[in-house]
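# Notes for the structure review
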Amino acid sequence: SADAPARGLHVVITAGPTREPLDPVRYLSNHSSGKMGFALATAAAELGAKVTLISGPVSLPTPEGATRIDVETALEMHEASRRLAEACDLFIGCAAVADYRAEAPAEHKIKKTEGEDDLTLRLVKNPDIIADIAAERDTRNGRPFVVGFAAETRDLEAYARDKLERKRLDMIVANDVSAAGLGFGSDDNAALLMWRDGDGEGGESLPPQPKAQLARAILERALGCLPTRPVH
Ligand code: PMT
């Protein structure tokens, strides 16, 4: 119906940072607050979807109407995402997943070494969650529709288009995370939307606005790309 265009759809959204342990008391992470992903979950629930929110460690309340799964590491987020993506209609990867984790987190707290001024940490690549979801989607019947984000500090359009193609995404939401007052942690954001199939050149630009409002616009554009279904 017009007021609940996402009724009957299952939307899975990842949000927040991941946290990669170095030892029992330290980790590698980033500045994602979860606000953008939680705003998407809120908007999807408001539009009538069944919503599952896979969240890294953030301090935000669970959006009304969403089922929340808390994870810490990229490997945990990968596992939960693969399990849930299989039966969903729309998968949105808004999480800022750590690209690397410690190869072997120390079992005990890492101590300063007398006389050594440097410490070498060996990192290994984490799986690319959204690229795996898209690859698995390709082995099925085109479901789910996969939307990724691209957080860039320069050459926004070129890097985002490369991620769109390389990860085999259906749509990408590119945001400039070096712009003051936008991106990580803030209440506002702006985005450039691009599609793998036919958006012409240049994409669609959404100006700075509250994340709640931007989330609505992103979802409406993504939902508009889903195959039409019989109305129940
Ligand atoms: O949480 P907020 O404070 O509100 O900030 C919002 C945000 C800036 C974090 C958000 O808008 C955003 O840009 N999220 C994506 C951040 C990111 O990690 O982008 P990326 O360009 O590194 O990754 C590209 C895409 O691949 C993303 O969809 C990401 O979820 C996905 N990815 C990346 C690495 C990895 N190992 N697995 C992934 O699935």
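Because the structure is a prediction, the values reported are computed rather than measured.

## Quick word on helix 3 (residues 129–139)
Looking only at helix 3, the buried set comprises Ile129, Ile130, Ile133, Ala134 and Arg137. In an axial view of helix 3, the angular spread of the buried residues amounts to 130°, which keeps them on one side of the axis. Across from the buried face of helix 3, at angles greater than 90 degrees, the exposed residues are Asp138 and Thr139. Buried residues along helix 3 sit in contact with helix 2 (74–85), strand 6 (90–93) and strand 9 (145–152).

## Notes on the nonpolar core
Counting 59 residues, the largest nonpolar core has Val11, Ile13, Leu40, Ala44, Val147 and Ile172 as the members making the most contacts within it. A per-element tally of this core places helix 1 (residues 35–46) first, with 7 residues.

## Quick word on the sheet that holds strand 1 (residues 10–15)
Pairing is mixed in the open sheet, where 8 strands are placed in the order 5-4-1-6-9-10-11-12. Two strands in the sheet have a free side with no partner beyond their single neighbour: strand 5 (66–70) and strand 12 (204–210). For this sheet, the mean inter-axis angle between neighbouring strands, taken without regard to orientation, is 20°. This element, helix 3, spans strand 6 and strand 9 of the sheet and lies at about 155° to strand 9.

## Overview of the UniProt feature "binding site: CTP" (unreviewed entry) in the protein
Within this structure's numbering, the places UniProt gives as "binding site: CTP" (unreviewed entry) are Gly93, Cys94, Ala95, Asp99, Lys109, Pro127, Asp128, Ile129, Ile130, Phe149, Lys163 and Lys167. Spanning 75 residues, the named residues are also spread out in space, since their farthest C-alpha pair is 36.8 Å apart. Residue placement: Ile129 occurs in helix 3.

## Here's the deal with unusual backbone geometry
The omega torsion across Arg143 and Pro144 is 0°, close enough to zero to call that bond cis. Looking at the element boundaries, Pro144 is found in the loop between helix 3 and strand 9. The backbone phi angle of Asp155 is positive, close to 45°, even though this residue is not glycine. For Asp155, the position within the fold is in the loop between strand 9 and helix 4 (156–166).

## What about the packing of helix 1 against helix 5 (residues 211–223)?
At a minimum axis separation of 8 Å, helix 1 and helix 5 run at an interaxial angle of 60°. With respect to their mutual orientation, helix 1 and helix 5 come out oblique. You can see that helix 1 and helix 5 cross each other, and the crossing is right-handed. Contacts from Lys35, Met36, Ala39, Leu40, Thr42, Ala43 and Ala44 in helix 1 reach Lys211, Ala212, Ala215, Arg216, Ile218 and Leu219 in helix 5. Residues that form the contact of helix 1 with helix 5 fall into these classes: 9 nonpolar, 1 polar and 3 charged.

Calculation criteria
Residues numbered from 1 in each chain as written. Predicted model: local features only at pLDDT ≥ 70, side-chain atom pairs only at ≥ 80, totals over all residues. Buried ≥ 20, exposed ≤ 12 C-beta atoms within 10 Å, placed from the backbone. Helix = DSSP H or I, 4+ residues; strand = E, 2+ residues; numbered from the N terminus. Arc of directions from axis to C-beta. Contact = placed C-beta atoms within 7 Å. Core = buried A, V, L, I, M, F, W, Y, C linked by C-beta atoms within 7 Å. Pairing = 2+ DSSP bridges. Axes fitted to C-alpha atoms, helices over the stretch in contact; angles between N-to-C directions. UniProt positions renumbered as here; feature names shortened; annotations may be inferred. Parallel < 35°, antiparallel > 145°, perpendicular 65-115°, else oblique. Left-handed = near helix turned anticlockwise from the far one by under 90°. Nonpolar A, V, L, I, M, F, W, Y, C, P; charged D, E, K, R; others polar.

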